[in-house]
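Reading the structure
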Amino acid sequence: MDIRTIDWKNNKIRIIDQTKLPLKLLYINIDHLEDLWQAIKIMQVRGAPALGAAAGLGMYLGIKDYICSDWGKFSRKLNSVAKYLASSRPTARNLFWGIERILAVASAHKNQPITKIKQAILADAKLIMQEDAFSCRKIGAYGARLFKNNNKVLTICNAGILATIDYGTALGVVYTAVSQGKKVEVFCCETRPLLQGARLTTWELNKQGIDVTLIADNTAAKLMQENQVDMVITGADRIAANGDTANKIGSFNLAVLAKYHNIPFYVAAPKSTFDLAIRDKSGIKIELRKDQEVSSILFKKEIAPKNAKVLNPAFDVIPHQLISGIITDQGVIQMPYLQNIRKILGKNKCG
Ligand code: MRU
């Protein structure tokens, strides 16, 4: 793909500023940890796998100029960077997975000079990006087998290039199916309040030449009722051991609608999104975001009275019973999830 969401360039983190899309494709360079924290918070970089990569690079950014010669001091500094980065957004498992992975790498090198530990951290942060690119293509290959020619697919938010390094999970499946010569039509929910569907998914699918139609979120039921949707595919922010899946707010609505209309509902995610330490949805922390995201249109136009009470959870949880399959880089996992997730992913390191 010709777009790279996050990268390490000239000793800085380079990201696409996603708050500027679709009006401007603007790259920004980040060389302070506080700026990365802010970029994650305001979602200049977003999407679970991209946050995993940001975590890896952010850990390096936080210690690269720290001067000390003993492991104890270095480790305390690294842990404080980890804690700080982890406080940026709570729901996507990949962010924490990336942080924990770098802590483990540092610890495995603790008997080496600090410069070597720093080198190992940067190398692993780069490896996280390489692995993501590879794993998205594997997700694409497994998922594309579910497609027939002329399938119409509904998606929400953005689980594409812009949510990963360069390919996408749910949209990666679409890219692969299309590359195999299948005709695919995508319906994309606008995804209130921050409009990742309208701004990002529509933009990237257009750019890749995929047939995409933008719909208001509340149009999904009508489309399904009219047999216009063959399958729903979403990404995931955190998947519990029993398959309960946190994803962008509105995903649960789509899953209920899909069940009612007998339409398959798939989730696509790499193994870094699974949290096997959490048994079910009760352990998933849902991020609450600013009122103004809901009471305005992208902070530009107020659409509610000034004193309106607002509730703005950024994610909801799709109960596993509503999920037809989870498309991973190790294959498509089906029910019973508690057993099959462990069987397919348990033997690999996945949180
Ligand atoms: O709040 P966002 O835009 O970070 O939410 C993103 C999603 O919900 C995506 O579907 C999820 O992270 C998977 S991205 C491959």
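Only a predicted model underlies this, so the values are computations on that prediction, with no experimental measurement involved.

**Side note on empty space enclosed by the protein**
Tallied over the entire structure, the rule returns two cavities of 30 Å³ or more. Space inside the largest cavity adds up to approximately 220 Å³. Arg46, Gly47, Ala48, Asn158 and Asp237 are the residues nearest the centre of the largest cavity, which is lined by 25 residues in total. Sort the elements by how many residues they give to the lining of the largest cavity and helix H2 (residues 48–63) lands first, with three residues. Split into classes, the residues belonging to the lining of the largest cavity amount to 14 nonpolar, seven polar and four charged. A domain-level breakdown of the lining of the largest cavity finds at least three residues from each of domain 1 (6–137) and domain 2 (147–345). Roughly 50 Å³ of volume is contained in the second largest cavity. What lines the second largest cavity is Met43, Pro193, Leu194, Gln196, Lys248, Ile249, Arg289, Glu293, Asn312, Pro313 and Ala314. Grouping the amino acids of the lining of the second largest cavity by side-chain chemistry returns six nonpolar, two polar and three charged.

**Brief notes about the sheet that holds strand E4 (residues 151–155)**
The pairing of strands in a sheet comes from backbone hydrogen bonds and takes either a parallel or an antiparallel form. On the basis of which strands lie adjacent, the open sheet formed by seven strands has the order E6-E5-E4-E7-E10-E15-E16 and mixed pairing. Both outer strands of the open sheet, strand E6 (211–215) and strand E16 (331–333), are each paired with one neighbouring strand and no more. If you compare each strand with its neighbour and ignore which way they point, the axes differ by 25° on average. In the sheet, strand E5 (residues 184–189) pairs with E6 via five bridges, with the strands oriented parallel.

The rules behind the values
- Residues numbered from 1 in each chain as written.
- Predicted model: local features only at pLDDT ≥ 70, side-chain atom pairs only at ≥ 80, totals over all residues.
- Heavy atoms only, no water.
- 1 Å grid on protein atoms, 1.4 Å probe; cavity = no way out; pocket = protein on both sides within 12 Å on 5 of 7 lines; lining within 4 Å.
- Points joined across faces, edges and corners; volume = space filled by probe spheres on them.
- Helix = DSSP H or I, 4+ residues; strand = E, 2+ residues; numbered from the N terminus.
- Nonpolar A, V, L, I, M, F, W, Y, C, P; charged D, E, K, R; others polar.
- Domains from an automatic or database assignment.
- Pairing = 2+ DSSP bridges.
- Axes fitted to C-alpha atoms, helices over the stretch in contact; angles between N-to-C directions.

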